[in-house]
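Chain by chain, the residues run as shown.
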Amino acid sequence: MNLVISGRNIDITEGLRSAVEEKIGKLERYFNESTEVHITLSTEKERQKIEVTIPMKGSIIRAEQTSTDMYVAIDLVEEVIERQLRKYKNKLIDKEQAAAHLNKDFIEEDIYDDEEIQIIRSKKFAMKPMDPEEACVQMELLGHSFFVFRNADTDEVNVVYKRKGNTYGLIEPEF
């Protein structure tokens, strides 16, 4: 497992680097040697934030935690990643998919969470073509945190979503 540690508005001290390597390094038993783990530490006013992204075949394991203390955030994010890995493992077992990036010992380990994904509600709706700005307005009017729409410019299905800090994001498919 290769750790790629970077910082935004923060100097990565030797203490921070060793804390990240120690905590996130515990996840090494789940991955093979070629797996790359991207870790970004950032600070904004009084908030200390850590983002961990692990690109894997067919999906991404990602978590972020914010705290007033970076070391606390590092501890918290490691727990979140472990929980996500267990869910991902169960998904692989249930779907009988190949787990190219996971360590075989971890896959064969007999830990099975009872957390099962249940779809409680399903909706169908007509998608009229609109631009992303209009989709944001629609999302706000509906009081949702995301909105699926057909982009009038590209004729592709896109998603706009609300981000922290009252900003918006746009997801466009790439084929």
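See the structure printed just above.
All figures in this text were calculated on a predicted structure; none of them were measured in a lab.

Scoring rules and cut-offs
Note that residues are indexed from 1 along each chain, following the sequence as it is written. It should be noted that, the model being predicted, local features are given only for residues of pLDDT at least 70 and side-chain atom pairs only at 80 or more, the latter also being counted only at that level, while totals for whole chains, interfaces and linings use all residues. Water and hydrogen atoms play no part in the side-chain values, which are based on all heavy atoms of the structure. To qualify as a helix, a DSSP run of H or I must reach at least 4 residues; to qualify as a strand, a run of E must reach at least 2; elements of each kind are numbered from the N terminus. Burial here depends on accessible area, computed with a 1.4 Å probe over protein chains only, as a share of the maximum for the residue type. Under 20% is buried, over 50% is exposed, and the range in between is partly exposed. The contact criterion used throughout is that any non-hydrogen atoms of two residues lie within 4.5 Å. Where accessible areas are quoted, they stem from the Shrake-Rupley method and a 1.4 Å probe; at the residue level, only the protein chains shown are allowed to cover. A carboxyl oxygen of Asp or Glu within 4 Å of a side-chain nitrogen of Lys or Arg is what we treat as a salt bridge. By nonpolar core is meant a set of buried Ala, Val, Leu, Ile, Met, Phe, Trp, Tyr and Cys residues that side-chain atoms within 4.5 Å join together. Any two strands with at least two DSSP bridges between them are considered paired. Fitting a line to C-alpha atoms yields each axis, with helices limited to the stretch in contact; the angle taken between N-to-C directions then spans 0 to 180 degrees.

**Student:** Would you take a moment to explain the overall build of the protein for this structure?
**Tutor:** Summing up its helical and strand segments, the protein has four helices and eight strands in all. By residue count, 32% of the 175 residues in the protein fall in the buried class. Once local pairs closer than 6 in sequence are excluded, the contacts in the protein between residues at least 24 apart make up 39%. If you sum the accessible surface of the protein, you get close to 11900 Å²; carbon and sulfur atoms cover 48% of it.

**Student:** Explanation requested: the pattern of salt bridges in the structure shown.
**Tutor:** Should their charged atoms come close, side chains of opposite charge can pair. In this structure the tally under the stated criterion is 11 salt bridges. The salt bridge involving K49 is made with E51; its shortest N-O contact spans 3.7 Å. Of the charged contacts, one joins E134 and K128 as a salt bridge, the two residues approaching to 3.2 Å between their closest N and O atoms. Connected through salt bridges with shared partners, the residues R8, K49, E51, R62, E64 and K164 form a single ionic network.

**Student:** Can you help me understand the nonpolar core in this one?
**Tutor:** Inside soluble globular proteins, nonpolar side chains tend to come together where they are buried. Formed by 26 residues in total, the largest nonpolar core has its most connected members in I39, I50 and V52. Counting only elements with at least two residues in this core, the list comes to α1 (14-25), β2 (36-44), β3 (47-56), β4 (59-67) and α2 (70-95). Looking at this core, the element that brings in the most residues is α2, giving eight residues. If we skip the residues at most four places from it in the chain, V52 touches I24, V37, H38, I39, I61, R62, A63, V77 and I81. One finds A135, M139, F149 and V160 within the second-largest nonpolar core, a separate group that totals seven residues.

**Student:** Explain the sheet that holds β2 to me, please; I cannot follow it from the model alone.
**Tutor:** The strands making up a sheet associate through hydrogen bonds between their backbones, and the pairing can be parallel or antiparallel. Read from one edge to the other, the open sheet built from four strands follows the order β1-β2-β3-β4, with strand pairing classed as mixed. Unpaired on one side and paired on the other, β1 (2-8) and β4 mark the two borders of the sheet. Strand-to-strand twist in this sheet, taken as the mean axis angle between neighbours without regard to direction, amounts to 15°. Taken together, the seven bridges between β1 and β2 define a ladder with parallel strand orientation. Bridge pairing links I5 to I39 in β2.

**Student:** Would you mind going over unusual backbone geometry with me for this structure?
**Tutor:** Trans peptide bonds make up most of the peptide bonds, and negative phi angles are found at most residues other than glycine. Even without being glycine, K45 reaches a positive phi, approximately 55°. For K45, a relative accessible area of 80% puts it in the exposed group. Non-glycine residue N166 carries a positive phi angle of around 55°. Counting through the fold element by element, N166 comes out in the loop between β7 (157-163) and β8 (167-171).

**Student:** Sorry, what's going on with the sheet that holds strand β5 (residues 129-130) here?
**Tutor:** Spatial strand order, β5-β6-β7-β8: four strands in an open sheet with mixed pairing. Each having just a single partner strand, β5 and β8 make up the two edges of the open sheet. Pairing between β7 and β8: five bridges, direction antiparallel. What sits directly across from V159, in β8, is I171.

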